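The lines below spell out each chain.
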Amino acid sequence: MIQDEEVEVLINDLFELYGYDFTGYSKASIKRRINRLFILDSFPSFAEFRYRLKFDSTYLKRFVEEITVNVTEMFRDPLFYKTLREEVIPTIGTKPFIRIWHAGCSSGEEVFSMAVLLHEANLLHKSLIYATDINPNVLEKARKGIFPLSQMKQYSENYILSGGKQDFSSYYTANYDRVKFDESFASRMIFSTHNLVCDNSFNEFDLILCRNVLIYFDVPLQNRVFELFDASLSNLSYLALGSKETMKFSGMSNHYRQLGKEKIWRKN
Amino acid sequence: MEEKLDMSSTEIIVIGGSSGSLDVVLKIISSVKKDIAVALVIVLHRKTTTDSALSELLAIRSVAPVKEVEDKDPVLAGNIYLAPSDYHLLFEKKHIFSLDDSEKINYSRPSIDVTFESAAEAYGATVSAILLSGSNADGTEGLLAIHAQGGVTIVQDPETAGFPYMPQQAILNAPVDYQMNVSEMIEYINNK
Ligand SMILES: C[S@@+](CC[C@H](N)C(=O)[O-])C[C@H]1O[C@@H](n2cnc3c(N)ncnc32)[C@H](O)[C@@H]1O
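Description of the structure in this document. Just so you know, these numbers come straight off a predicted model, no measurement behind them.

Cut-offs and rules
- Residues numbered from 1 in each chain as written.
- Chains lettered and ligands numbered in written order.
- Predicted model: local features only at pLDDT ≥ 70, side-chain atom pairs only at ≥ 80, totals over all residues.
- Heavy atoms only, no water.
- Helix = DSSP H or I, 4+ residues; strand = E, 2+ residues; numbered from the N terminus.
- Buried < 20%, exposed > 50% of the residue type's maximum accessible area, 1.4 Å probe, protein only.
- Contact = heavy atoms within 4.5 Å.
- Buried area = accessible area lost by both parts, 1.4 Å probe.
- Salt bridge = Lys/Arg side-chain N within 4 Å of Asp/Glu carboxyl O.
- Polar contact = N/O pair within 3.5 Å; in protein donor to acceptor, adjacent residues only side chain to side chain.
- 1 Å grid on protein atoms, 1.4 Å probe; cavity = no way out; pocket = protein on both sides within 12 Å on 5 of 7 lines; lining within 4 Å.
- Points joined across faces, edges and corners; volume = space filled by probe spheres on them.
- Nonpolar A, V, L, I, M, F, W, Y, C, P; charged D, E, K, R; others polar.
- Domains from an automatic or database assignment.
- Axes fitted to C-alpha atoms, helices over the stretch in contact; angles between N-to-C directions.
- Parallel < 35°, antiparallel > 145°, perpendicular 65-115°, else oblique.

Here's the deal with unusual backbone geometry
A cis amide bond links Arg109(B) with the next residue in sequence, Pro110(B), at an omega value of 10 degrees. Inspection of the secondary structure assignment puts Pro110(B) in the loop between β6 (97-100) and α4 (112-123). Although it is not a glycine, Phe75(A) sits at a positive phi angle of roughly 50 degrees. For Phe75(A), a relative accessible area of 0% translates into the label buried. Even without being glycine, Tyr176(A) reaches a positive phi, approximately 50 degrees. By secondary structure assignment, the location of Tyr176(A) is in the loop between β4 (172-175) and β5 (178-181). Judged by relative accessible area, which is 77%, Tyr176(A) ranks as exposed.

What follows is the structure, encoded as structure tokens:
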């Protein structure tokens, strides 16, 4: 079992050697992830684990991929998507051009869900969806728009609960055990790596979604990320968080108004 | 044993339950005093509905405040906390909650093992863990971790459990300090 001090040592190495800064991550969570990887890769000792990470840059890639949690699904929390569909999208839809940012988009399920909503509101053609993540591997998947067929039953149920009225399977073509979403969706998306810890604001958006990413950060880092988002949101635009995340611990919350009970805030 | 029963040092009681445990939790909740000296944290395996119906159900029955945990909420004595569905519930050393949506453990998210292990790390000897009815082996590893840090391990007496498998597994594989029926658990919590 890796101890607290050893976690600090690894985090330090990563920063000094590679510039990856995990110091603001939730200690409870990152320690679990590091221990999981330590056991998964059967290291005989902490020293060997550390050595590998320091001197094998291909292992660094694996480390970042395994330490981050990439769990996601389409129309995750259907009622959240219902609110997007009924309240948020019609409002931002009045703009001549719509810019949306998915920060921490993982393998893209959330991004394609958004594209479906925009398509159904007849707004996709004038929208641009920026989708970023720290992990290049998941972005590579997202870019392809290919997802496992086995998930589609669940996703289609989520879609219907979110207020979807179409036949969900009309949006993709199935091929063996996978499905590929229509090219017209991906053509409105821009994927890029972006690290919320150290990278800057790169545009102004009408809606930023950052769901189930901040749970992995401690409160000070969360607050820095809220500042980054604030700098990337024009007035009256929206910020959406995961279903158990909140702005309430940030000094920022009085500049935003929450939409009912949903985890969506509108900038004043 | 007697020394351990002196609960003056207990800061937090973590309860984990699976099939057949909701009834027990409801009984506990409705008998817990208003100003208990500990934080009571409940982790239940439940369907992955995002309903807050369960926390409402618990809240009506309890005189103590009941809250479904949100990320980075502080852990405060006198409160009853419920783990939200579909997230693992962890504790930071500074005694705040963290949520984590990583892989299921023991087919479960929240997993009882994950919360017990994290409580052991963050609270050491000041945690008591209670494992209730269930038909899954979740919780045993967690009780081992609690014990290793000097905390108190309690399981529901399998004879009183709707599904005895979970407490039985714990008794077989982990050092269990007490086996209790529901009224003993209530007394234990109220006397902290
Ligand atoms: C649990 S997934 C959330 C996916 C999706 N937003 C959802 O809610 O279903 C968290 C994502 O955050 C990404 N992440 C973690 N740290 C990050 C950072 N510093 N900057 C950008 N993304 C990060 C991870 O790589 C992972 O893909």
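Looking at the interface of chain B and chain A
Taken together, the contacts link 26 residues of chain B with 28 residues of chain A. At the boundary of chain B with chain A, total buried surface from both sides reaches about 2,100 Å², with 42% on carbon and sulfur atoms. Here Glu70(B) and Lys248(A) are joined by a salt bridge, their closest N and O atoms 3.0 Å apart. Where chain B touches chain A, the interface holds 22 residue pairs in polar contact (both at pLDDT 80 or more).

Overview of the layout of surface pockets
Empty space within the second largest pocket amounts to approximately 1,000 Å³. The wall of the second largest pocket is formed by 41 residues, among which Met1(A), Ala28(A), Lys31(A), Arg32(A) and Glu121(B) lie closest to the centre. Breaking the lining of the second largest pocket down by element, the ones donating at least two residues are α1 (4-18), α2 (27-40) and α10 (219-231) of chain A together with β5 (88-91), α4 and α5 (140-148) of chain B. Across the lining of the second largest pocket, the residue classes break down as 18 nonpolar, six polar and 17 charged. Looking at which domains feed residues into the lining of the second largest pocket, each of domain 1 (4-67) and domain 2 (78-267) of chain A supplies at least three.

Topic: the packing of helix α3 (residues 46-55) of chain A against helix α4 (residues 57-67) of chain A
A packed helix pair is summarised by two numbers, namely the angle formed by the two axes and the spacing between the axes. Residue and element names in this part refer to chain A. It is at 5 Å that the axes of α3 and α4 come closest, and there the two elements cross at 110 degrees. Relative to α4, α3 is oriented roughly perpendicular. Only Ser-57, Tyr-59, Leu-60 and Phe-63 of α4 make contact with α3, whose side of the interface consists of Phe-49, Arg-52, Leu-53 and Phe-55.

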